[in-house]
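# Overview (structure and organization)
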Amino acid sequence: MPNNKTDNFLKAIKKYAKAQKTAMQGEVKQLKTERLKEAEEKAQRDSERLIKDKLQEKRNQQTSWLATKTQEGQRELFVERVKMTESIFGKAADKLKEFTETDAYTQKLSDSAKEIAGFFGDKACVLYVNEHDLGTAESLKQFFAGSVEVKADKTIKIGGIKGYCADMAIIADETLDSKLEAQREWFIENATLSVL
């Protein structure tokens with residue numbers, strides 16, 4: 001009998017050990033499954049975050065590249081517009097210089113002198129003209145009631161008259177240069193220059 005009790009006791013221990021082993025294997029298997037699932041989920045989140053970060057980085061690079069290209073394009077467009085404007089106004093200045101060789105220009109000088117003379121009245125003034133117009137400008141003194149001195153002005157590149165009255169502290173500018181320059185601002189604002 002004692003042997004039977006020992007055998008039963010050993011059987012019970014083996015049975016308990018086997019049950020414990022099976023339970024532990026189940027727990028290990030479940031733990032392994034849970035850990036594997038957690039690892040997969042973490043890998044999925046990390047992958048999504050990495051993809052999102054890479055996409056954002058690429059988007060930022062593309063945005064930066066696009067902004068740079070846009071600025072370069074705008075700069076090139078601005079330079080081209082300036083060149084076009086300078087070309088147009090250079091041609092206009094050439095046409096005005098051709099105009100200064102005509103009788104109509106001599107009449108324009110007389111009309112400008114009359115206008116300036118009417119503005120200054122009998123006050124003394126100085127008339128500034130292009131060196132090319134010095135001979136003609138002397139005859140323009142007749143339109144002035146006050147004393148008039150005629151001087152060449154190197155800033156007048158095209159032609160016309162500029163009158164200065166010290167008593168009134170006023171300059172009356174009837175030069176073709178200033179009229180052309182006044183048109184430049186209007187042209188820049190209103191010309192729809194498109195560069196293809």
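To start, this report covers the structure provided alongside it.

Rules used in this analysis
Residues numbered from 1 in each chain as written. Predicted model: local features only at pLDDT ≥ 70, side-chain atom pairs only at ≥ 80, totals over all residues. Heavy atoms only, no water. Helix = DSSP H or I, 4+ residues; strand = E, 2+ residues; numbered from the N terminus. Rg over C-alpha atoms; globule rule 2.2 N^0.38 Å. Buried < 20%, exposed > 50% of the residue type's maximum accessible area, 1.4 Å probe, protein only. Pairing = 2+ DSSP bridges. Axes fitted to C-alpha atoms, helices over the stretch in contact; angles between N-to-C directions. Contact = heavy atoms within 4.5 Å.

In terms of helices and strands, the chain carries four helices and four strands. Counted from the first residue to the last, the chain has its helices and strands arranged as α-α-β-α-β-β-β-α. For 196 residues, the compact-globule estimate of 2.2 N^0.38 gives 16 Å, and the C-alpha radius of gyration of the chain, at 48 Å, exceeds that figure by more than 25%. The principal-axis extent of the C-alpha atoms belonging to the chain is close to 160 × 40 × 25 Å.

The element strand β1 (residues 125-129) is largely enclosed, with a buried count of four among its five residues. Strand direction decides the pairing type here: β1 and strand β3 (residues 160-165), joined by four bridges, are antiparallel. The residue of β3 that forms the bridge with Tyr128 is Lys162.

Taken together, four strands build an open sheet; the order of strands is β2-β1-β3-β4 and the sheet is mixed. Taken across any chain shown, the strands that pair with only one partner, and hence form the sheet edges, are β2 (148-152) and β4 (170-175). Each adjacent strand pair in this sheet contributes to an overall mean axis angle of 20°, direction not counted. Looking at chain direction, β1 and β2 are connected through five bridges and run parallel. Pairing of Tyr128 across the sheet is with Lys151, part of β2. In the packing of helix α2 (residues 103-120) onto the sheet, contacts are made with β1, β3 and β4, and the angle to β3 comes to roughly 15°.

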